Amino acid sequence: MVRAMTDPAPHLSVLLGPILHYAAPVTGTWIDGTFGAGGYARGLLDAGADAVIGVDRDPLAVEMAAPLIAHYGDRLRLVEGTFSALDTYTAVPVDGVVLDLGVSSMQLDRAERGFSFMRDGPLDMRMSQDGPSAADIVNDAPEELIADILYQYGEERASRRIARKIGIARREAPITTTAALARIVESCLPRPKPGQSHPATRSFQALRIAVNDEFGELASGLEAAERALAPGGLLAVVTFHSSEDRVAKRFFQERSGRAGRANRFAPDAGQTTARFEMVKNGAIAPDADELAVNPRARSAKLRLARRTGAPAGNVDRTTLGLPRLVLEG
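Let me sum up the structure you'll find in this document. It should be emphasised that the depicted structure is a prediction, and the values quoted were computed from it without experimental measurement. (Residues numbered from 1 in each chain as written. Predicted model: local features only at pLDDT ≥ 70, side-chain atom pairs only at ≥ 80, totals over all residues. Heavy atoms only, no water.)

## Details of the overall build of the chain
- When its secondary structure is counted, the chain shows 14 helices and seven strands.
- Counting across all 329 residues of the chain, residues that qualify as buried make up 53%.
- Considering only contacts within the chain whose residues lie at least 6 apart along the sequence, 69% involve residues at least 24 apart.
- Accessible surface, the chain: about 15100 Å² in total, of which carbon and sulfur atoms supply 51%. (Helix = DSSP H or I, 4+ residues; strand = E, 2+ residues; numbered from the N terminus. Buried < 20%, exposed > 50% of the residue type's maximum accessible area, 1.4 Å probe, protein only. Contact = heavy atoms within 4.5 Å. Areas by Shrake-Rupley, 256 points an atom, 1.4 Å probe, with all protein chains shown as cover.)

Shown next, in the form of structure tokens:
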């Protein structure tokens, strides 16, 4: 969940109101698969959920949840792990799953985590604080792979130009800080016009996605939610950019038995067993009232569906619109 650095209320949960509206009455056990600062878990528990299982791969999120656990007691359980395995964190089917995709404000706000070009720090970007970092990719990966990452994950049209400039810079000295990388990207792109995003936005997004395998996690998380949900259980997915929204949209279409042709020349997928029923056609965007108090919600989209009684099945990932790097991995 991408949050502005200057946001005075950084822990407001995007589109929580519509989720609670369509879930009403909120009961039973829920999984908050992207716990972060706990905004969705708090909202669900205060609305009447019996229990929430909060999942986060970031050890810091689990550590900072201590006051919430003290407040809610055994109604809130924290798991340090990935939401791709959320169905393994419960022994019984659950009544709802919420996935709020992206990076949290507490990650962006800490320069030492290396997520933001707005704060100089080590070029890290690891949500789990484990495994290869962004610096490892930038300094060790072939230029062709870096260009593909920037284009496929960040939709950066200048990806090859940026990758070449990275290659030149790293031959002189390793690129180890967020500021150093941001300067390289800025040198490859025109100065932004008023109202436009920072030139490094797409490149940093792409590297973060690659470091944390966010598209692979998303596909596996949607599959895990299907396995975890009880009949009638609600799946809510909040996205912040077009690529991840496309994956969520196509998953819901395919799993509700409404997938059509991938293109006009492909055969129709035909009617399949519906494992979900759409709660609302299309995505839900934040209304004017939410944007007034939470401007960072402007790019958010919410998709909702309810689990049917059909048994969980295999998902054809080629229908989900995953970037090629995921399919080739």
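## Looking at the nonpolar core
- With 61 residues, the main nonpolar core has L86, V97, L181 and L235 as its most contacted residues.
- Top element by residues in this core is helix α11 (residues 214-228). It accounts for seven residues.
- Beyond its immediate stretch of four places on either side in the chain, V97 contacts W30, I31, L86, A225, L229, L234, L235 and A236.
- Grouped together as the second largest cluster of nonpolar side chains are 29 residues, V26, W30, A65 and L68 included. (Core = buried A, V, L, I, M, F, W, Y, C linked by side-chain atoms within 4.5 Å.)

## Comments concerning the sheet that holds strand β6 (residues 276-278)
- Read from one edge to the other, the open sheet built from seven strands follows the order β3-β2-β1-β4-β5-β7-β6, with strand pairing classed as mixed. The outermost strands of the open sheet, each flanked by one partner alone, are β3 (76-80) and β6. The sheet shows a mean angle of 20 degrees between the axes of neighbouring strands, taken without regard to direction.
- Against the sheet, helix α2 (residues 39-47) engages β1 (29-32), β2 (51-56), β3, β4 (94-100) and β5 (229-239), with an angle of about 175 degrees to β2. (Pairing = 2+ DSSP bridges. Axes fitted to C-alpha atoms, helices over the stretch in contact; angles between N-to-C directions.)

## Description of helix α1 (residues 16-23)
- Of all the positions in α1, only L16, P18, I19 and A23 are classed as buried. The buried side chains of α1 occupy one side of the element, clustering within an arc of 165 degrees when seen end-on.
- For α1, the elements touching its buried residues are β1, α2, β4, β5 and β7 (301-307). (Arc of directions from axis to C-beta.)

## Details of the environment of N281
- Take N281: it is sitting in the loop between β6 and α13 (288-293).
- With relative accessibility at 59%, the residue N281 sits in the exposed group.
- Taking the C-alpha atoms as reference, N281 lies 10.0 Å from Q253; in sequence the two are 28 residues apart.

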